[in-house]
Amino acid sequence: MLSLISFASAHMIEVTASRKECFFEDLHEHDQMTVTYQVGEGGHLDIDFWLTDPENNVLTKHIRESTGTTSITAEKDGRYEYCFSNQMSTVADKMVSFNVHGIIYVSEEDITAPVEREIRSLAIGLTSVKDEQEYIVVRERRHRDTAESTCDRVKWWSVLQALVLFAVVAWQVYYLKSFFEVKRVI
């Protein structure tokens, strides 16, 4: 029998243009790890992602994705590395929010009571709710930025229209006045 202990961590990083950022987790055999990421801002909101095992074999690779999730079960002990690459971009920096959550394999002999199993189960559920909230915050921030940008554009377009309207009114008044001027011919 087995039992599960969960771990989680959330990060937000900036991956500058033409660079990559790598992180690692030390896992033991049968441990599970899930990496969830989302590009919050920068360029076309895309990033390259890959996950390698201790022998540098690529387990998962996502190319130019804006969001992604990958889960693995460790087949051997060692350092598992995951990287976010912005090497395809030469100008735009990217803001990436990512969560790493995992389940550490624990044998049944290490669990003392059913209450402890329930507590661990609740902890796993709470972690998934927290991860979902962090995803929603990043998504809300991106949509809010889009809405504010649109509002600014509408405001400046309205100011431009008002200026054009006043210019046309002034020209029409001047033009109509010229009809009523008395012109003398000598």
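Look up a bit, the structure's there.
Quick look at the structure, then. (Residues numbered from 1 in each chain as written. Predicted model: local features only at pLDDT ≥ 70, side-chain atom pairs only at ≥ 80, totals over all residues. Heavy atoms only, no water.)

Evaluation of the coordinates by the stated rule reveals 1 cavity of 30 Å³ or more. Taken as a whole, the largest cavity holds about 70 Å³ of empty space. Taken together, Thr36, Tyr37, Gln38, Ser97, Phe98, Asn99, Glu134, Tyr135 and Val138 form the lining of the largest cavity. The set of elements that each furnish at least two residues to the lining of the largest cavity consists of strand 3 (32-41), strand 8 (94-107) and helix 1 (114-180). (1 Å grid on protein atoms, 1.4 Å probe; cavity = no way out; pocket = protein on both sides within 12 Å on 5 of 7 lines; lining within 4 Å. Points joined across faces, edges and corners; volume = space filled by probe spheres on them. Helix = DSSP H or I, 4+ residues; strand = E, 2+ residues; numbered from the N terminus.)

Attention shifts here to the side chain of aspartate 48. Position of aspartate 48 relative to the elements: it lies in strand 4 (residues 47-52). Here aspartate 48 sits buried without a salt bridge, and the closest side chain of opposite charge, arginine 64, lies 4.9 Å off (N-O distance). Polar contacts involving the side chain of aspartate 48 include one to the main-chain amide nitrogen of arginine 64, which spans 2.8 Å. In contact with aspartate 48, not counting residues within four places along its chain, are His62, Ile63, Arg64, Cys83, Phe84, Ser85 and Met88. (Buried < 20%, exposed > 50% of the residue type's maximum accessible area, 1.4 Å probe, protein only. Lys, Arg positive; Asp, Glu negative; His and termini not counted. Salt bridge = Lys/Arg side-chain N within 4 Å of Asp/Glu carboxyl O. Polar contact = N/O pair within 3.5 Å; in protein donor to acceptor, adjacent residues only side chain to side chain. Contact = heavy atoms within 4.5 Å.)

Taken together, Glu14, Glu41, Asp93, Asp145, Glu148 and Asp152 make up a surface patch of like negative charges. Looking at the negative patch element by element, the count peaks at 3 residues for helix 1. Locating aspartate 93 in the fold gives a position in the loop between strand 7 (78-85) and strand 8. Assessed through its relative accessible area of 33%, aspartate 93 is described here as partly exposed. (Patch = residues over 30% accessible without salt bridge, like charges linked within 9 Å, V, L, I, M, F, W, Y side chains within 5 Å. Areas by Shrake-Rupley, 256 points an atom, 1.4 Å probe, with all protein chains shown as cover. Charge placed at Lys NZ, Arg CZ, Asp CG, Glu CD.)

What follows concerns the nonpolar core. Across soluble globular proteins, you tend to see nonpolar side chains buried next to one another. If you look at the biggest cluster of nonpolar residues, it comprises 18 residues, and the most contacted ones within it are Met33, Tyr82, Phe84 and Val96. Those elements giving two or more residues to this core turn out to be strand 1 (2-15), strand 3, strand 4, strand 7 and strand 8. With 4 residues, the top contributor of residues to this core is strand 3. Those residues in contact with phenylalanine 84 that lie beyond four places of it in its chain are Ile13, Val15, Arg19, Lys20, Glu21, Phe23, Tyr37, Ile47, Asp48, Phe49, Val96 and Phe98. (Core = buried A, V, L, I, M, F, W, Y, C linked by side-chain atoms within 4.5 Å.)

A word on the side chain of asparagine 86. Following the sequence through the fold, asparagine 86 ends up in the loop between strand 7 and strand 8. A relative accessible area of 0% places asparagine 86 in the buried class. Among the polar contacts made by the side chain of asparagine 86, one reaches the main-chain carbonyl oxygen of valine 15 at a distance of 3.2 Å. Dropping the residues within four chain positions of it, asparagine 86 is found in contact with Val15, Thr16, Ala17, Ser18, Arg19, Ile47, Ala92, Asp93 and Lys94.

What is shown is where atoms sit, not what they do.
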